[in-house]
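Remarks on the overall topology
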Amino acid sequence: MGDQSSSQASYIHLVHHLIEECIVFNMGKEECMDALFKHADIKPIITSTVWKELEKENKEFFEAYKRRREEIPTEKETARRIRDLLSRTTI
């Protein structure tokens with residue numbers, strides 16, 4: 001029983017670490033769930049559960065993180081801005 005409990009704790013610690021890596025890359029919860037499933041074969045329900053626990057433990061951080069993510073333009077918006085800028089620039 002001790003080995004299984006230790007193994008589960010290690011797995012949760014791994015998921016926690018990978019979520020932190022997702023945050024470094026400015027991913028949202030859904031993006032992180034997709035990435036961990038695709039690249040680490042971690043079921044989305046596991047990532048979601050660990051993410052929710054991290055949100056509970058670090059409420060202020062996640063509120064600020066969410067606000068910051070909302071302020072950052074999407075890739076599509078950035079491409080549109082670049083096209084607009086280039087269309088106004090004469091070379």
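Before reading on, note that the structure itself is shown above.
This section reports on the structure supplied with the text. (Residues numbered from 1 in each chain as written. Predicted model: local features only at pLDDT ≥ 70, side-chain atom pairs only at ≥ 80, totals over all residues. Heavy atoms only, no water.)

Attention now goes to the overall build of the protein. In terms of helices and strands, the protein carries five helices and zero strands. Ordered by position from N to C terminus, the α and β elements of the protein give α-α-α-α-α. Against the compact-globule benchmark of 12 Å for 91 residues, the protein has a radius of gyration of 18 Å, which places it well outside the compact range. Projected onto its principal axes, the C-alpha coordinates of the protein cover approximately 70 × 30 × 15 Å. Sorting the 91 residues of the protein into buried and exposed places 20% on the buried side. (Helix = DSSP H or I, 4+ residues; strand = E, 2+ residues; numbered from the N terminus. Rg over C-alpha atoms; globule rule 2.2 N^0.38 Å. Buried < 20%, exposed > 50% of the residue type's maximum accessible area, 1.4 Å probe, protein only.)

Ranked by size, the top nonpolar core spans twelve residues in total: Val-15, Ile-19, Cys-22, Ile-23, Cys-32, Leu-36, Ile-42, Val-50, Trp-51, Leu-54, Phe-62 and Tyr-65. When residues of this core are traced back to their parent elements, those giving at least two are helix H1 (2-24), helix H2 (29-40), helix H3 (44-57) and helix H4 (59-71). A per-element tally of this core places H1 first, with four residues. In this view, Ile-19 contacts Cys-32, Leu-36, Thr-47, Val-50, Trp-51 and Leu-54; residues no more than four positions away in its chain are not counted. (Core = buried A, V, L, I, M, F, W, Y, C linked by side-chain atoms within 4.5 Å. Contact = heavy atoms within 4.5 Å.)

Attention now goes to the packing of aromatic side chains. Following the criterion strictly, the structure yields three aromatic pairs and no others. Ring geometry for Phe-61 against Phe-62: centres 5.2 Å apart, planes inclined by 90 degrees, an arrangement best described as edge-to-face. Ring centres of Phe-61 and Tyr-65 lie 5.9 Å apart, and the angle between their planes is 10 degrees; this geometry places the pair in the stacked category. In this pair, Phe-61 and Tyr-65 both sit in helix H4, four residues apart, roughly one turn of the helix. According to the relative accessible area criterion, Phe-61 is partly exposed, its value standing at 43%. Here Tyr-65 falls in the buried class, since its relative accessible area comes to 4%. Cluster of aromatic residues (ring-pair linked, three or more members): Trp-51, Phe-61, Phe-62 and Tyr-65. (Phe/Tyr/Trp six-rings, centres within 6.5 Å; stacked < 30°, edge-to-face > 60°.)

Its 14 residues give H3 an end-to-end C-alpha distance of 20 Å, which sits within 8% of 20 Å, the value for a rise of 1.5 Å per residue. All of the buried residues in H3 are Thr-47, Ser-48, Val-50, Trp-51 and Leu-54. (Expected span 1.5 Å × (residues − 1).)

Let us look at the side chain of Thr-47. As for its placement among the helices and strands, Thr-47 is situated in helix H3. When residues no more than four places from it in sequence are discounted, the contact partners of Thr-47 are Val-15, Ile-19, Cys-32, Met-33, Leu-36 and Ile-42.

Before going further, it helps to examine the packing of H2 against H3. At a closest axis distance of 9 Å, the pairing of H2 and H3 adopts a crossing angle of 135 degrees. Comparing the axis directions of H2 and H3 gives the class oblique. Two packed elements cross with a definite hand, and for H2 against H3 that hand is right-handed. Together, Lys-29, Cys-32, Met-33, Leu-36 and Phe-37 of H2 and Pro-44, Thr-47, Ser-48, Trp-51 and Lys-52 of H3 make up the contact between the two elements. Partitioned by chemical class, the residues of the contact of H2 with H3 number six nonpolar, two polar and two charged. (Axes fitted to C-alpha atoms, helices over the stretch in contact; angles between N-to-C directions. Parallel < 35°, antiparallel > 145°, perpendicular 65-115°, else oblique. Left-handed = near helix turned anticlockwise from the far one by under 90°. Nonpolar A, V, L, I, M, F, W, Y, C, P; charged D, E, K, R; others polar.)

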